[in-house]
Amino acid sequence: MIKDLLPSIILSLLLAIFSVSLCADDFPDDAPEEVQDLRYGVVLYHFFQQSYFDALTEVMVGETRSDMPFHQQSAELLRGGMSLSYGMSDQAEVIFSELLTTLDHQVDRDRAWFYLGKLYYLRGERDKAKAVFARIVAELSPALQEEKLFLTANIQLADGDLTGADETVSRLPKTSPWLAYYYFNLGSRKTLSGHWREGVSSFQKIDELTLTSEEGAALRDKAYTASGFAYLGGAEYEQAIDDFLKVRLESPLVEKALLGYGWAAAQQSDFERALAPWQTLSQRSLMSASVQESLLAIPYAYEKLGAQAGALLEYQRAVAAFDKELKNLAEAIDVFRDLPLVDVIAEDIGLGADWIMGHDYLPINQQAPYLSHLISQDYFQSAVKDLSDLTKMRQYLAESAIRIGAMETVLETQNRLWTENLSQSQREQYRQKYDELTAIRNEMQALKTADKENTTKQVFLSPEEVELWDIVADAEGVVEQLLSANYDVSEEIDQLHLYRGLLMWQAAEQDSERRWEFDKELVEIDESLARTRQHLQQLEGFSEHRYDEQFAGEIVGLKSRLLTQQQAVDTAVDELETEIRELAIVELENQQQRLSYYLAQAKLAIARLYDLGSEGAGQ
Amino acid sequence: MLKRHLFRHLIVGWMMITSVGIVYGQEDTVVADRQSMNQQVQDLKQQVIKLNRDLFILEEELLFPANTQVAVFLSMNIGEFFQLDAVKLKLDDQVVTNYLYTDKQIDALQRGGVQRLYLGNVKSGAHELVAVYTGRGPNGRDYRRGATLQFDKSSQAKKIELKIVDSTATEQPEFLVKEW
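Residues numbered from 1 in each chain as written. Chains lettered and ligands numbered in written order. Predicted model: local features only at pLDDT ≥ 70, side-chain atom pairs only at ≥ 80, totals over all residues.

Attention shifts here to the overall build of chain B. Check the secondary structure of chain B and you find 2 helices and 8 strands. The N-to-C order of helical and strand elements in chain B reads α-β-β-β-α-β-β-β-β-β. For chain B, the proportion of its 180 residues judged to be buried stands at 24%. Within chain B, contacts between residues separated by at least 24 positions form 66% of all contacts whose residues are at least 6 apart in sequence. (Helix = DSSP H or I, 4+ residues; strand = E, 2+ residues; numbered from the N terminus. Buried ≥ 20, exposed ≤ 12 C-beta atoms within 10 Å, placed from the backbone. Contact = placed C-beta atoms within 7 Å.)

Written as structure tokens, this is what we have:
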């Protein structure tokens, strides 16, 4: 009979192990390369923190803006990987399939093949996964290569090709973290197919590996438990007890191990020895099926030891405990009917963003241990993670509503400012001032050019001096005419020469200072021009970004999408809550059914013991 | 009698199998429903990401247009000689960011990630950016260093990268600034 029990126990352990077997880090810790596109660096920054929502958004912004020219293909590959990690396998499949037609380098194509194969593996599409893995030509990075070998070996195990699986795994390094998972899977497969001794041998290989992490220790506990039950099924009871005793007290499997230990002793008719683990077990929480079962096992052992009175007391104790526990279960069902799951999940910080590498989620409430079997199911985990992600989506959408509101405010403010302060006439004033300054500057520049071509130092004269120079020129003209008419103007000519000399001396005397003044003025004009140009540019720039129909239209579009998505998310959250609630309640009702059966058995045993007592008294 | 009792006990065990079996019997329907719901959730996630992308782009165009935009990024090369704790950023003598790092963020930087430390607006013309880094330097000593950049803002978006680099020659950290 114990042999019949074995598959269910191994199977329940297997369910846990397959979810754990996907927890290794996919991404190697090679020395980082310097990024050539800043945006790609930002994508990596979010990605390495497992902020997939932000990282995926950033990649998509980069694609829209085409500002990741150097890392375009790596970014797309990363997007596929992140989509997979973020629970969007359909999207990931599309990305990888498209990438495989466009990637330039074999190494990148092989990475895409790997992720696509892993995606199919996770979906249980083994043939597709196998075909895709077979297309990988070059060696992957060590971490991916090891994972590929492990996944391939698992597929071979599932297909019954144990030789092939062994051959595949032989290529893993001795220190690979995947080896332990493989040996466990192999041991489970062999035990379930009736080759329990080979199964045990496989479980024992885990003990020979160096597993220092908590995850490794937990795996070892699972292996000892599975191996113990395999020995139990093979009627090698002392070996079974040895393995059960190796399970750590803090392990979640210790209750199964204690129960098995008791069975192994009982099978050898050593009921006193069986009582020790069962009594230890019976002190633990009754939420565990193993503890419930120990309450029936203890009086059974007492009966075997001939302690009928003790057995009767223990059965009565079991009846009281089962009664109480049935009430607790009824309360738990009520709790789950009304439990605000969204709030519970939102408060949980243990549920990571990663669908592949994350840990199992345990709903936080005191009834959680009742659901340990359900929690180990992939579909339950998937539902909880969906709900958790949707809760976060709801939060993102609420934040988006605030951001859209802020943009509306900015647009309105810009529009108001534009209307109030930046009228067309003001811009015209600035433009006019700019034109005037430009004209002055051109005039001054012309003067400077003229100065270079003229050595008379008469370029920078004051208007008064120009007037005096004009008078001299007029007078010289008159003198010329008088000379032509044979007048004696020698005295006037001398006076004019003297006057001209005086004017030239004055011009030369002040020339340096005037040039300095002129240059200074030119610099000031240039500065003034630059300032005016900047004002004008700002005004025109502002004009370009002022409230316009295009922005307003885009915001209206975003608001409409936001509203639709908020409604869709709310509906999906309601549906998911119902789904999870129903799964939990069905699980609890199954336990009620089992516990009612235990209760009936205990009551029957009590009646039987009373009968025996009556018969004994009669005799 | 004893055998009957043992049998009864093992029946209890059988119930365990049956209870597992019950759940398994329901699994096909449960899994099919789950897949349908999961696909719906996948679509929703994709839609929300697209909305966030469009919102991000519109925000940048409206709130940080290229002619006034200045973006400051921070990257780190290995970080063996300097354990970054915080960065203070001053733009034209005004503190615009005071950022304290978590271990997770430092890890992301050390693995090649680049943080968008600041996104803001400035007028065209000359500006000064000062970054003050605090953390632990070689031998675990308290370490505080600054880096300054004078830059001109044109009509193009300004992107500045603050780089913390290990100098193996001096066994000291170097704080570089790169204009993109």
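Having seen the model, we can carry on.
Residues and elements named next belong to chain A. Counting 156 residues, the largest nonpolar core has Val43, Leu56, Tyr182, Ala264, Ala301 and Leu390 as the members making the most contacts within it. Element by element, the count of residues in this core is highest for helix α24 (residues 549-618), at 12 residues. Setting aside its immediate chain neighbours within four residues, alanine 264 contacts Leu232, Tyr237, Ala240, Ile241 and Phe244. (Core = buried A, V, L, I, M, F, W, Y, C linked by C-beta atoms within 7 Å.)

Residues and elements named next belong to chain B. Strand order in the open sheet made by the 4 strands is β3-β2-β5-β6, with antiparallel pairing throughout. The open sheet has two edge strands with one neighbour each: β3 (94-100) and β6 (142-153). Strand after strand, the sheet turns through a mean of 15 degrees between neighbouring axes, direction not considered. As paired elements, strand β2 (residues 83-91) and β3 share 6 bridges and run antiparallel to each other. By the bridge assignment for β3, leucine 89 is matched with threonine 97. (Pairing = 2+ DSSP bridges. Axes fitted to C-alpha atoms, helices over the stretch in contact; angles between N-to-C directions.)

Residues and elements named next belong to chain B. Counting buried residues along β6, only 0 of its 12 residues qualify, which leaves the element largely exposed. Looking at chain direction, strand β5 (residues 125-136) and β6 are connected through 12 bridges and run antiparallel. Counterpart to glycine 125 in the pairing with β6 is lysine 153. Following β5, the chain reverses through 5 residues before pairing antiparallel with β6; asparagine 139 in that reversal takes a positive phi of roughly 65 degrees.

Bringing the confidence of the model for chain B into the picture now. Residue and element names in this part refer to chain B. Scored by pLDDT, chain B has a mean of 83; 84% of the residues are at 70 or more. Scored below 50 in pLDDT, residues 1-26 shows 25 contacts in the model against residues more than four places distant or in partner chains. Confidence metrics for the complex model read pTM 0.71 and ipTM 0.87. (pLDDT = per-residue confidence, 0-100.)

Here we take up the interface of chain A and chain B. Reports often express the size of an interface as the amount of accessible area lost when the parts come together. Contact residues are listed per partner, giving 67 residues for chain A and 59 residues for chain B. Listing elements by their share of the side of chain A that touches chain B, those giving two or more residues are α1 (2-20), α2 (38-48), α3 (52-65), α5 (89-102), α16 (289-304), α20 (378-421), α23 (490-544) and α24 of chain A. The class makeup of the residues in the side of chain A that touches chain B is 37 nonpolar, 17 polar and 13 charged. (Nonpolar A, V, L, I, M, F, W, Y, C, P; charged D, E, K, R; others polar.)

Our focus in this paragraph is helix α8 (residues 142-158) of chain A. Residue and element names in this part refer to chain A. With 17 residues, α8 extends 24 Å between its outermost C-alpha atoms, agreeing within 8% with the 24 Å of an ideal straight helix rising 1.5 Å per residue. Three or more residues of α8 are buried, namely Glu146, Glu147, Lys148, Leu149, Phe150, Leu151, Thr152, Ala153, Asn154, Ile155, Gln156 and Leu157. Phi turns positive one or two residues past the end of α8, at glycine 160, with a value near 85 degrees. (Expected span 1.5 Å × (residues − 1).)

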